[in-house]
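Take a look at the letters that make up each chain.
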Amino acid sequence: MPTVASPGQDGGSYRFAVVPGPRLGDESMRVDSSATSGSITLEWDSILVRIGTTLVIVREQGNEPGGDDHLTRLAEAALRSFQTTGP
C-alpha cells in the first residue's frame, strides 16, 4: 500500500499510509498516520467514507497497542447515523 514519509520542520517526521479497510458508502479508504519527534511517536488512524458529495471522516488517536480496534465499528455507526439523519 502507498506510504508517504516527510520530514517535519522540527526535525521530526510524518508518515501516512493507505491500508486495507472496510468498504463503506460509495467508496472508502483507511489512512494510518504517525508523527515522530525525538523518542515520542503519536499515532492516529482515520477512515474516510464518501457518500455522494459528502465525506464522513472518523479518526482514532492514541498510542496503546490495539487502540484502533473499534475504528471500523465507529465508522459504520457514523455512516448509519448520517444515512438516518443527514448532514
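Now for a look at the structure at hand. (Residues numbered from 1 in each chain as written. Predicted model: local features only at pLDDT ≥ 70, side-chain atom pairs only at ≥ 80, totals over all residues. Heavy atoms only, no water.)

## Observations concerning the packing of aromatic side chains
Pairs of aromatic rings are described using the distance from one ring centre to the other and the angle between the two planes. Under the definition given, this model contains one aromatic pair. Measuring from ring centre to ring centre gives 6.4 Å for F16 and W44, while their planes differ by 75 degrees; the resulting arrangement is edge-to-face. Here W44 lies in strand β4 (residues 40–51) and F16 lies in strand β2 (residues 13–19), a separation of 28 residues in the sequence. Relative accessible area serves as the criterion here: at 13%, W44 is assigned to the buried category. (Phe/Tyr/Trp six-rings, centres within 6.5 Å; stacked < 30°, edge-to-face > 60°. Helix = DSSP H or I, 4+ residues; strand = E, 2+ residues; numbered from the N terminus. Buried < 20%, exposed > 50% of the residue type's maximum accessible area, 1.4 Å probe, protein only.)

## Thoughts on the pattern of salt bridges
Enumeration according to the criterion identifies four salt bridges in this entry. Among the ionic contacts, a cluster of salt bridges with common partners joins D26, E27 and R50. (Salt bridge = Lys/Arg side-chain N within 4 Å of Asp/Glu carboxyl O.)

## Description of the environment of L55
Take L55: it is sitting in strand β5 (residues 54–61). Between the C-alpha atom of L55 and that of G25, which follows or precedes it by 30 residues, the distance is 9.6 Å. Every residue in contact with L55, bar those within four places of it in the chain, is listed here: L48, V49 and R50. (Contact = heavy atoms within 4.5 Å.)

## Let's talk about the nonpolar core
By size, the foremost hydrophobic cluster in this structure holds ten residues: L24, I47, V49, I51, V56, V58, L71, A75, L79 and F82. At the level of secondary structure, the elements contributing two or more residues to this core comprise β4, β5 and α1 (71–85). (Core = buried A, V, L, I, M, F, W, Y, C linked by side-chain atoms within 4.5 Å.)

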